[in-house]
Amino acid sequence: MPAATVLLGPQRFMTTAGSTLRALALEGPVATITAGWEEREDQDGELNEVLDGRGRNLRLWHRTFDVLGKDERFAAAAIAFRDRHDELQSFYRLRLEGALETVYAVQRRSSSHGTAAAALDDAVAAVRHLDDWYSAQLKDLYREFDAKAPAHESEVIAWHRGELAGMLADSAALVITGGHVGSLLRALRLFALPISRELPVIAWSAGAMALTDKVVLFHDHAPQGSHEAEVYDRGLGRVPGIIALPHARRRLRLDDRRRCGVLARRFPHHRLLLLDDGTSAVFDGGTSAAFDGEVRAGGEHAAYGPLPHGVRVLTTDGVVQEVVAP
């Protein structure tokens with residue numbers, strides 16, 4: 001039977017991973033992925049204490065560099081992909097900035113004849129088109145990368161995948177921590193972990209983002225100034241139809257309804273889940289997070305599967321809404 005997937009709020013100031021694991025009443029070792037910590041991957045002593053000493057680090061960051069050092073063909077393809085991805089992101093961000101400036105300008109413009117609403121709809125649609133363009137271009141980059149260096153042809157990748165499959169098969173649960181979401185996603189993609197639906201998964205921050213099908217970066221209070229939310233990559237799709245927004249209170253201008261409303265309207269087929277300290281969103285294995293509607297103005301939900309009770313989502317009118325049980 002499919003197992004639960006639990007998305008938690010950040011664990012720096014309020015640690016809930018241990019109590020969440022104990023509530024699942026599982027026995028046996030717990031596989032952990034800390035690749036988002038990059039060079040600090042092995043500094044998992046505190047995490048292991050939280051997990052009651054049951055943690056078994058899969059060391060995906062270390063394994064990634066082992067592959068890069070031993071497989072020249074894959075390493076060359078990875079460098080080429082990185083360079084092309086960087087260029088794609090630079091053009092996407094340039095266009096995104098201009099497109100969103102237009103949206104905000106239209107929002108500020110008054111209308112005497114009812115033109116404003118239609119103009120705003122079209123301006124937001126242009127941003128969605130740009131997000132889709134970037135996603136399509138990135139998909140092509142991945143296709144070219146896989147063609148240049150097929151992972152299944154690499155002996156070193158095959159060795160690591162085999163060992164990881166054995167470790168996961170012997171684990172009672174999987175825990176994915178935060179850190180750099182790009183490094184985490186690259187490691188997850190490289191080793192194509194066979195995470196079965198029967199294996200409970202607990203994740204937070206970057207780990208929670210990686211379990212969705214669309215990873216969006218955002219930071220309205222970045223040190224270098226406001227950072228427009230941008231599509232970054234696709235995730236594992238364990239929890240489809242969700243865009244995870246960790247540290248929402250600290251990173252989003254939640255009091256700016258117009259800005260938040262635009263963010264939600266950019267992704268009408270996803271629910272924007274706010275993951276703050278203390279948040280725990282439990283998705284049953286048999287419940288899909290996908291839906292065929294949107295969170296509408298005023299907080300009315302179109303037809304989709306149930307969200308966990310108590311979680312907070314961002315609606316298309318820029319309102320933070322807490323989900324309550326029917």
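Because the structure is predicted, anything quoted here is derived from the model rather than measured.

Moving on, we come to the overall build of the chain. When helices and strands are tallied, the chain shows ten helices and twelve strands. Relative to the globule expectation of 20 Å for 326 residues, the C-alpha radius of gyration of the chain, 20 Å, shows essentially globular dimensions. Counting only C-alpha atoms, the chain reaches 65 × 45 × 35 Å along its principal axes. Looking at the chain residue by residue over its 326 residues, the buried ones come to 51%.

For glutamine 89, the location among the structural elements is in helix H4 (residues 72-108). Taking the C-alpha atoms as reference, glutamine 89 lies 34 Å from alanine 17; in sequence the two are 72 residues apart. The contact partners of glutamine 89, leaving out residues within four places of it in the chain, are Tyr134, Glu230 and Tyr232.

Turning next to the side chain of aspartate 66. Structurally, aspartate 66 can be placed in helix H3 (residues 60-70). On the basis of relative accessible area, aspartate 66 is assigned to the buried category, the value being 19%. Polar side-chain contacts of aspartate 66 include one of 3.0 Å to the side chain of lysine 70.

Taken together, the buried positions of helix H10 (residues 257-265) are occupied by Arg259, Cys260, Gly261, Val262, Leu263 and Ala264. Its buried side turned inward, H10 meets H4, strand S7 (227-233), strand S8 (242-246), strand S9 (271-275) and strand S11 (312-314).

Below, the discussion takes up the pattern of salt bridges. Evaluated as defined, the whole model comprises 19 salt bridges. Here arginine 63 ties to glutamate 163 by a salt bridge, and the two come within 2.8 Å at their closest N and O atoms. Taken together, the positions of arginine 63 in helix H3 and glutamate 163 in helix H6 (residues 155-169) put the pair 100 residues apart, joining distant regions of the chain. Take arginine 63: its relative accessible area is 8%, and that puts it in the buried class. Assessed through its relative accessible area of 33%, glutamate 163 is described here as partly exposed.

The next point concerns the nonpolar core. Counting 83 residues, the largest nonpolar core has Ile33, Leu58, Leu60, Leu174, Leu193 and Leu273 as its most contacted members. Every residue in contact with leucine 60, bar those within four places of it in the chain, is listed here: Ile33, Ala35, Glu41, Leu164, Ala187, Leu188, Phe191 and Leu193. By size, the runner-up hydrophobic cluster in this structure holds twelve residues, among which are Val6, Ala17, Val30 and Val175.

With that settled, consider the sheet that holds strand S2 (residues 30-33). The sheet built from six strands is open, its strands ordered S3-S2-S4-S5-S1-S10 with mixed pairing. Only two strands of the sheet have a single partner each, and these edge strands are strand S3 (55-57) and strand S10 (280-283). In this sheet, adjacent strand axes meet at a mean angle of 20° when their direction is disregarded. Bridge count for S2 against S3 is three bridges, and the pairing is parallel. In the sheet register, alanine 31 faces S3, and the bridge partner there is arginine 56.

Turning our attention to the packing of H3 against helix H7 (residues 181-191). It is at 10 Å that the axes of H3 and H7 come closest, and there the two elements cross at 65°. The orientation of H3 with respect to H7, classified from their angle, is roughly perpendicular. Our pair here, H3 against H7, has a crossing hand that is left-handed. Touching Leu60, Trp61, Arg63, Thr64 and Val67 of H3 are Ser183, Ala187, Leu188, Leu190 and Phe191, all from H7. Taken together, the residues of the contact of H3 with H7 break down into seven nonpolar, two polar and one charged.

If you walk through the whole model with that rule in mind, you get four cavities of 30 Å³ or more. A volume near 100 Å³ is recorded for the largest cavity. Considering every element that reaches the lining of the largest cavity, the biggest residue donor is H10, with four residues.

This part takes up the packing of H4 against helix H5 (residues 115-148). Packed helix pairs are characterised by how far apart their axes lie and by the angle those axes make with each other. Orientation of H4 relative to H5, taken along the N-to-C sense of each, is 180°, at an axis distance of 10 Å. By the angle between their directions, the pair H4 and H5 is classed as roughly antiparallel. Among the residues forming the contact of H4 with H5, the class breakdown is 25 nonpolar, four polar and six charged.

The subject of this paragraph is the pairing of strand S6 (residues 215-219). The two faces of a sheet get side chains in turn, since along a regular strand they alternate between them. Of all five residues in S6, four are buried; the element is thus mostly enclosed. As defined by bridge partners, S6 adjoins S7 across four bridges and the pair is classed as antiparallel. Residue histidine 219 lies in a different strand from S7, and its bridge partner there is histidine 227.

Across the chain, the average pLDDT comes to 90, with 92% of residues at 70 or higher. Confidence drops under pLDDT 50 across residues 286-304; counting only partners more than four residues distant or on other chains, this segment forms 56 contacts.

With that settled, the discussion passes to the pairing of S10. Judged by which residues are buried, S10 turns out to be one-sided: Ala281 and Phe283 face inward and are buried, whereas Ser280 and Val282, on the alternate face, are not. Pairing between strand S1 (residues 5-8) and S10: four bridges, direction antiparallel. Across the sheet, residue leucine 8 finds its bridge partner in S10, namely serine 280.

Here is what the cut-offs are and how they apply
Residues numbered from 1 in each chain as written. Predicted model: local features only at pLDDT ≥ 70, side-chain atom pairs only at ≥ 80, totals over all residues. Heavy atoms only, no water. Helix = DSSP H or I, 4+ residues; strand = E, 2+ residues; numbered from the N terminus. Rg over C-alpha atoms; globule rule 2.2 N^0.38 Å. Buried < 20%, exposed > 50% of the residue type's maximum accessible area, 1.4 Å probe, protein only. Contact = heavy atoms within 4.5 Å. Polar contact = N/O pair within 3.5 Å; in protein donor to acceptor, adjacent residues only side chain to side chain. Salt bridge = Lys/Arg side-chain N within 4 Å of Asp/Glu carboxyl O. Core = buried A, V, L, I, M, F, W, Y, C linked by side-chain atoms within 4.5 Å. Pairing = 2+ DSSP bridges. Axes fitted to C-alpha atoms, helices over the stretch in contact; angles between N-to-C directions. Parallel < 35°, antiparallel > 145°, perpendicular 65-115°, else oblique. Left-handed = near helix turned anticlockwise from the far one by under 90°. Nonpolar A, V, L, I, M, F, W, Y, C, P; charged D, E, K, R; others polar. 1 Å grid on protein atoms, 1.4 Å probe; cavity = no way out; pocket = protein on both sides within 12 Å on 5 of 7 lines; lining within 4 Å. Points joined across faces, edges and corners; volume = space filled by probe spheres on them. pLDDT = per-residue confidence, 0-100.

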